[in-house]
Amino acid sequence: MLDFWDRLTINQKLAVTAWLFLAVPVVFYVTIRFYPTFEAFYVSTLKWNLLGAKKAYGFKNYIKIFEDADFWLVLWNTVKYALFGVPISMVIAFFIAYWLNEISFGHDWIRAMYFIPFLTTAVAMAWVWRWFYQPMPIGHFTIMLSWIGIPQQPFLKSVEQALYAIMAPAIWAGLGFQIVIFIAGIRAIPRSYFEAAEIDGAGRWQILREITLPALKPTIIFLTVVSTIGFLRIFDQVYTMSADSAGGPLNSTKPLVLMIYEYAFDEFKLGRASALTVILFLILLVVSLVQLWLMRKKS
Amino acid sequence: MTDHSATMDRLERIRPLKVMIWTLLFLGGVVMITPIIFMASTSFKVGQEVYELSLIPQEPTLENYLFILEESKFMRWMLNSLWVATFSTASVLFFDSLVGYTLAKFEFRGRQIVFIAILSTLMIPTEMLIIPWYMMSRSFGWIDTYWGIAFPGLMTGFGTFLMRQFFMGLPDELIDAARIDGWSEFAIWWRIAMPLVVPALSALAIFHFLGNWTAFIWPLIVTNDPDIYTIPVGIASFNGEFQMDWEIVMTASCLATLPTLLVFLLLQKFIIRGIMLAGLKG
């Protein structure tokens, strides 16, 4: 064995060392990442309830999903979380970051106040938010609304409002991360850009529109994709906050991941659930590819 | 004279616009932490006072905390979460940086394929793997074990990519010099390269630990035994048990939030820098 080692060239020795270092990780990635990925595709072509026999089902799971009105409702809910959640959170985060960057007095502490929600556990905070949304005499929101003369709102119990009531804490919790990334992006812009613009007599607004925002394009693309993927995968908040049953009332708040969870672990329709995960995978893949395309277009 | 003009200068810089921006930002910040403040203040209240909007309890009490610690398995969940998150973070720090280093600093056939393969795992959402992981856990008896909660996250594509980026920035001469001095490859990585990327390692550690601490869907699926629950799964299980005892639920939520909050307040500058670092490179 040692003899063999001695006969290797330096480069061969390095290659052997590299593969030795990679041995355990390769086993991990093959068994815990790649094999399960293929298995998900495979199970999506089965009719299987975990305990019984596996039955080949072809594309029937997918066909049944596309024929199911609930699926389209759930897909629309999922899209709504991203469609509203992403722009709202990004705009708020940008302006806070932009202004935060201009102040120095107490900068760290004010930034901390915005960042702290990012450190909370969604499940724990869900209780606090549920409490705020309670009807009169308990819920803080209803009490505060009554001070300015707005009548009691049903919030989590309403088919129209519940989705947005659940989206709010998700935005709240993610804002701190977006702000910190925005600040990092703004600070990475060379100061000379701003100085040159000031010498040319550009106003605040003009500098923001013509220098800051274009220079932040990579940051904006990165954050848009990360938060879009985050909102499309929303689960914790919905599972713990929705009224009546998970995803309620009347499925009005149910996102894809919750539907997957219910099919797989309440009803044990593993084939149908796997097919849904494949659909989720394809949606997220499209989002990532759009990001790559946008990034490339820049350079 | 110079002192005077310096003061005038500073006064002049405090423009009304800045004061307004500062005030607005401060008020916004207060709104952001209001839910947490209410949660904390309620955890010290009992009886009718729970339903009042007052921030400072009239008679602060630790009753709720004692109740939680005695009547629920909260301490147990806390230790479970701590153990799983620590174990998982240690594994990620070790393996992600080992793989990142190997991909950055070794020339060998297949390197590009391994790199692309690991990078491609970033495209696979956890949700897609959950069902196969569950089947795996059932056949190997990993349900209701710490290993079962931790195994999917022992290495990450994100961490590997991040660490590779940082190791690529290290000069090759450093490694060659150590080789000439007769250091083993493992020692070069562990004793020379690793200390030079501590900022990246801490960013990765913070991200991964926090992710594990708050992780919900996988622990929810892989545990049935309340003795093995992590904190989020435990708190979600309150749903049936302490349904409308808001002060109890607030206390539990407070206990769940406290550790991360304390760590953050102690290491604020460090953590923010880490997140900026990971966000920009990642």
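What counts and what doesn't
Residues numbered from 1 in each chain as written. Chains lettered and ligands numbered in written order. Predicted model: local features only at pLDDT ≥ 70, side-chain atom pairs only at ≥ 80, totals over all residues. Helix = DSSP H or I, 4+ residues; strand = E, 2+ residues; numbered from the N terminus. Rg over C-alpha atoms; globule rule 2.2 N^0.38 Å. Buried ≥ 20, exposed ≤ 12 C-beta atoms within 10 Å, placed from the backbone. Contact = placed C-beta atoms within 7 Å. Nonpolar A, V, L, I, M, F, W, Y, C, P; charged D, E, K, R; others polar. Axes fitted to C-alpha atoms, helices over the stretch in contact; angles between N-to-C directions. Parallel < 35°, antiparallel > 145°, perpendicular 65-115°, else oblique. Left-handed = near helix turned anticlockwise from the far one by under 90°. Core = buried A, V, L, I, M, F, W, Y, C linked by C-beta atoms within 7 Å. pLDDT = per-residue confidence, 0-100. Expected span 1.5 Å × (residues − 1).

1. What to know about the overall build of chain B
Moving on, step 1. Within chain B, the secondary structure is distributed over 15 helices and 0 strands.
Moving on, step 2. The C-alpha radius of gyration computed for chain B amounts to 25 Å, which surpasses the reference 19 Å derived for 282 residues by more than 25%, pointing to a less compact arrangement than a globule.
Moving on, step 3. Here chain B holds 282 residues, and the buried ones make up 41% of them.
Moving on, step 4. When contacts within chain B are restricted to residue pairs at least 6 apart in sequence, long-range pairs at least 24 apart make up 75% of them.

2. Topic: the overall build of chain A
Moving on, step 1. Along the backbone of chain A there are 14 helices and 2 strands.
Moving on, step 2. Scaling as 2.2 N^0.38, a compact globule of 299 residues should have a C-alpha radius of gyration of about 19 Å, whereas chain A reaches 25 Å, well beyond that.
Moving on, step 3. For chain A, the spread of C-alpha atoms along the three principal axes comes to 75 × 55 × 35 Å.
Moving on, step 4. Here chain A holds 299 residues, and the buried ones make up 39% of them.
Moving on, step 5. When contacts within chain A are restricted to residue pairs at least 6 apart in sequence, long-range pairs at least 24 apart make up 69% of them.

3. Section: the interface of chain A and chain B
Moving on, step 1. Listed per partner, the contact involves 68 residues of chain A and 67 residues of chain B.
Moving on, step 2. Class assignment of the residues belonging to the side of chain A that touches chain B gives a composition of 52 nonpolar, 10 polar and 6 charged.

4. Description of the environment of Met155 of chain B
Moving on, step 1. Inspection of the secondary structure assignment puts Met155 of chain B in the loop between α7 (146-150) and α8 (157-168).
Moving on, step 2. Sequence separation of Met155 of chain B and Phe95 of chain B is 60 residues, and the distance between their C-alpha atoms is 6.4 Å.
Moving on, step 3. In this view, Met155 of chain B contacts Pro25 and Phe28 of chain A together with Ser91, Val92, Phe95 and Asp96 of chain B; residues no more than four positions away in its chain are not counted.

5. A few points about the packing of helix α4 (residues 74-105) of chain B against α8 of chain B
All names here are of chain B.
Moving on, step 1. Remark: α4 packs on α8, axes separated minimally by 7 Å, with the N-to-C direction vectors making an angle of 50°. By the criterion of interaxial angle, the relationship of α4 to α8 is oblique. Along this stretch, α4 crosses α8, giving a crossing that reads as right-handed. Contact residues: α4 offers Val92, Asp96, Ser97, Val99, Gly100, Tyr101, Leu103, Ala104 and Lys105, while α8 offers Gly159, Thr160, Met163, Arg164, Phe167 and Met168.

6. Re the nonpolar core
Moving on, step 1. Counting residues in each nonpolar core, the largest one holds 151 residues, and the members touching the most others are Ile179, Ile260 and Leu276 of chain A together with Ala252 of chain B.
Moving on, step 2. A per-element tally of this core places helix α8 (residues 162-187) of chain A first, with 16 residues.
Moving on, step 3. Once you skip the residues sitting within four places of it in the chain, Ile179 of chain A turns out to touch Ala93, Ile96, Ala97, Leu100 and Tyr114 of chain A.

7. Here we look at the confidence of the model for chain B
All names here are of chain B.
Moving on, step 1. For chain B, mean pLDDT is 88; residues scoring 70 or higher make up 92% of the total.
Moving on, step 2. When the elements of chain B are averaged for pLDDT, helix α1 (residues 2-13) gives the smallest value, 56, and α7 the largest, 97.
Moving on, step 3. ipTM for the predicted complex: 0.90, alongside a pTM of 0.90.

8. A word on α8 of chain B
Moving on, step 1. In this model, α8 of chain B (12 residues) spans 16 Å end to end at C-alpha, consistent with the 16 Å of a helix rising 1.5 Å per residue.
Moving on, step 2. Buried within α8 of chain B are the following residues: Gly159, Thr160, Phe161, Leu162, Met163, Arg164, Phe166 and Phe167 of chain B.

9. Some words on unusual backbone geometry
All names here are of chain A.
Moving on, step 1. With a phi close to 80°, Leu50 is a non-glycine residue in the positive phi region.
Moving on, step 2. If you trace the backbone, Leu50 turns up in the loop between β1 (46-47) and β2 (55-56).
Moving on, step 3. On the basis of neighbour counts, which here come to 14 C-beta atoms within 10 Å, the residue Leu50 falls in the partly exposed class.
Moving on, step 4. The backbone of Phe268 shows a phi angle near 55°, a positive value even though the residue is not glycine.
Moving on, step 5. When you line up the elements, Phe268 lands in the loop between α13 (256-265) and α14 (270-298).
Moving on, step 6. A residue is classified by how many C-beta atoms lie within 10 Å of it, and Phe268, with 14 of them, is partly exposed.

10. Quick look at the environment of Met194 of chain B
Residues and elements named next belong to chain B.
Moving on, step 1. Among the structural elements, Met194 can be located in helix α10 (residues 185-196).
Moving on, step 2. You can call Met194 partly exposed: it has 18 C-beta atoms within 10 Å.
Moving on, step 3. On a C-alpha basis, the gap between Met194 and Leu98 in space is 9.2 Å, while along the polypeptide they are 96 residues apart.
Moving on, step 4. Excluding anything up to four places from it in sequence, Met194 contacts Ser97 and Trp189.

11. Comments concerning the confidence of the model for chain A
Moving on, step 1. With 99% of its residues at a pLDDT of 70 or more, chain A shows a mean pLDDT of 90.
Moving on, step 2. Taken element by element, chain A is modelled with least confidence in helix α1 (residues 2-7) of chain A, mean pLDDT 77, and with most confidence in helix α4 (residues 69-100) of chain A, mean pLDDT 96.

12. Section: the environment of Thr257 of chain B
Residues and elements named next belong to chain B.
Moving on, step 1. Positionally, Thr257 belongs in helix α14 (residues 246-266).
Moving on, step 2. Thr257 sits in the buried class, given 24 other C-beta atoms within 10 Å.
Moving on, step 3. Between the C-alpha atoms of Thr257 and Ala90, which are 167 residues apart in sequence, the distance is 22 Å.

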